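Below are the chains, spelled out letter by letter.
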Amino acid sequence: MTERVVVTGVGLVTPLGTGTEQTWENLLAGKPGIGRITHFDAEAAGMACTIAGEVRDFDVSAYVNRKDARKMDTFIHYGVAAAQMALEQSGFEITEENATRVGVGIGSGIGGMPSIERTMRAYEKGGARKISPFFIPMTIINMVSGWVSMLTGAKGPNVATVTACATGTHAIGDAFEMIARGEADAMLAGGTEACICELAVGGFSAARALSTRNDEPEKASRPWDTGRDGFVMGEGAGVLMLESLESAQKRGAHILAEVVGYGMSADAYHMTTPAPEGEGGSRCMKAALDRAKLNPEDVDYINAHGTSTPAGDICETQGIQTAFGNHASKLMVSSTKSMTGHLLGAAGGIEAAFSVLAVHHGAVPPTINLDDQDPLCTLDYVANMARDVAIDVAISNSFGFGGTNASVVVRKFH
């Protein structure tokens, strides 16, 4: 018997705010969270891109004591905070009796690169004695799940997915399958990222992947617009509390939405460029719908990968057209990256959360900065204004370097 899986909690740390309520409010208002990089002097470093979606006004001491916080890279701070928010909203109490049935699956695309960068500089100046004994555990990706389990007492499956920009979606999909198979009753799942540092920004800039609209940071992320010139990096975390329906109903939990499908695919094509006509993404969406036992016409909204890159936006549009056929023109499709920037490994976490909230609240967030729609991008991208509209089924897409694709399907709980 396959267990039904529901969402009972959401935790968000984003460039739009710390906390789900603030982030969602700013998202629907079309407020951009992108500005000048403050984590380092990007201009002095000679970066082609000097803008990003940074998390502001975040106080780690609200979630972790300062002694433990010093043992963690910032991506762990964000992941722990989002997980605690999701757990608190769910009202789920982890006890000695149920701890082994509660798991954690939170991933990151890059992990502790800022700490690696700082440690290398310290080593070059002062030698091996300047390397912190916490250096390795503060930078490796699985430590975010490890810390969440230690802080909450969750003793079930403990994993960390790493699939570049598809990480958060794969983490949520894998957790959904674990619960569906009966391997856990609840999972805290999602993605986290905090790599706005010289190495990461420099690396993406060298690959010519980033927008250089430095004089207008709030307008730089513009998916499907003819003026798009690359993505804008973001940071933060998105975590869902997934739970078996039986567990949620037994304790009278407030259910936000149901997760009903999950799809994966590989392009087998190129390191960074999507397959022609979005062929891999199309198969991924079809696989997710098959798992959900839904037809294309059942879907109302897609939270797209929509990174604001010239090739990627066209390929995703073509993939949606292939997967949905005639129904594609009736879909609402938006890219919330137009406001948050691209959170890399955390993107799928926050965007799955946005999809859950869209279904729960009956509201579709907009794609901002869509002033001159690319004639090759022909769908309804919910340009510039949110819509209040009932949504029964939504899909969240994430596609990563290496040609790895993930889609999750959420629907209104009936």
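In this text, all values refer to a predicted model and were calculated from it rather than measured experimentally.

Asker: Describe the side chain of Glu316, with residues and values.
Answerer: Structurally, the position occupied by Glu316 is in helix α11 (residues 310-324). One buried charged residue, Glu316, forms no salt bridge at all, with the nearest opposite charge on Lys337 at 7.0 Å.

Asker: Talk me through the pattern of salt bridges; I want residue IDs and the actual numbers.
Answerer: Tallied over the entire structure, the rule returns 19 salt bridges. A salt bridge links Arg251 to Glu243, with the shortest nitrogen-to-oxygen separation between them at 2.8 Å. A residue is classified by how much of its surface remains accessible, and Arg251, at 31% relative accessible area, is partly exposed. Its salt-bridge partner being Arg411, residue Asp392 comes within 2.9 Å of it at the nearest N-O pair. Taken as a pair, Asp392 in the loop between β13 (387-388) and β14 (393-400) and Arg411 in strand β15 (residues 404-411) lie far apart in primary sequence, 19 residues in all. With a relative accessible area of 24%, Asp392 lands in the partly exposed category. Connected through shared salt-bridge partners, Glu117, Arg121 and Glu198 make up one network.

Asker: Summarise helix α1 (residues 20-28); cite the residues concerned and give the values.
Answerer: Within α1, the full set of buried residues consists of Thr20, Thr23, Trp24, Asn26 and Leu27. One side of α1 carries all its buried residues, which in axial view fall inside an arc of 165°. Across from the buried face of α1, at angles greater than 90 degrees, the exposed residues are Glu21 and Glu25. Those residues of α1 hidden inside the fold are in contact with β1 (5-14), β2 (17-18), α12 (337-340), α13 (347-361) and β12 (363-364).

Asker: Which residues make up the state of the cysteines, and what values go with them?
Answerer: Here the structure, examined in full by the defined rule, presents 0 disulfides. Looking at the unpaired Cys165, the closest cysteine sulfur is the one in Cys195, lying at 9.2 Å. Overall, the relative accessible area of 9% leaves Cys165 in the buried class. Take Cys284: it sits in no disulfide, and the sulfur closest to it among the cysteines is that of Cys165, at 14 Å.

Parameters at a glance
Counting restarts for each chain, with residues numbered from 1 along the sequence as it is written. Reporting in this predicted model follows two pLDDT cut-offs: at least 70 for local features of residues, and 80 or more for side-chain atom pairs to be given and counted; totals over whole chains, interfaces and linings ignore these cut-offs and use all residues. With hydrogens and water excluded, all non-hydrogen atoms of the structure serve as input to the side-chain values. To qualify as a helix, a DSSP run of H or I must reach at least 4 residues; to qualify as a strand, a run of E must reach at least 2; elements of each kind are numbered from the N terminus. Only protein chains enter the calculation, and the probe is 1.4 Å; a residue is then buried if its accessible area is under 20% of its type maximum, exposed if over 50%, and partly exposed in between. A residue counts as positive if it is Lys or Arg and as negative if it is Asp or Glu; His and the chain ends are not included. Salt bridges, as used here, are contacts in which a Lys or Arg side-chain nitrogen is within 4 Å of a carboxyl oxygen on Asp or Glu. Here the arc refers to the set of directions running from the helix axis out to each C-beta atom. Throughout, a contact is declared for two residues whenever any of their heavy atoms are within 4.5 Å. When two cysteine sulfur atoms are found within 2.5 Å, that pair is recorded as a disulfide.

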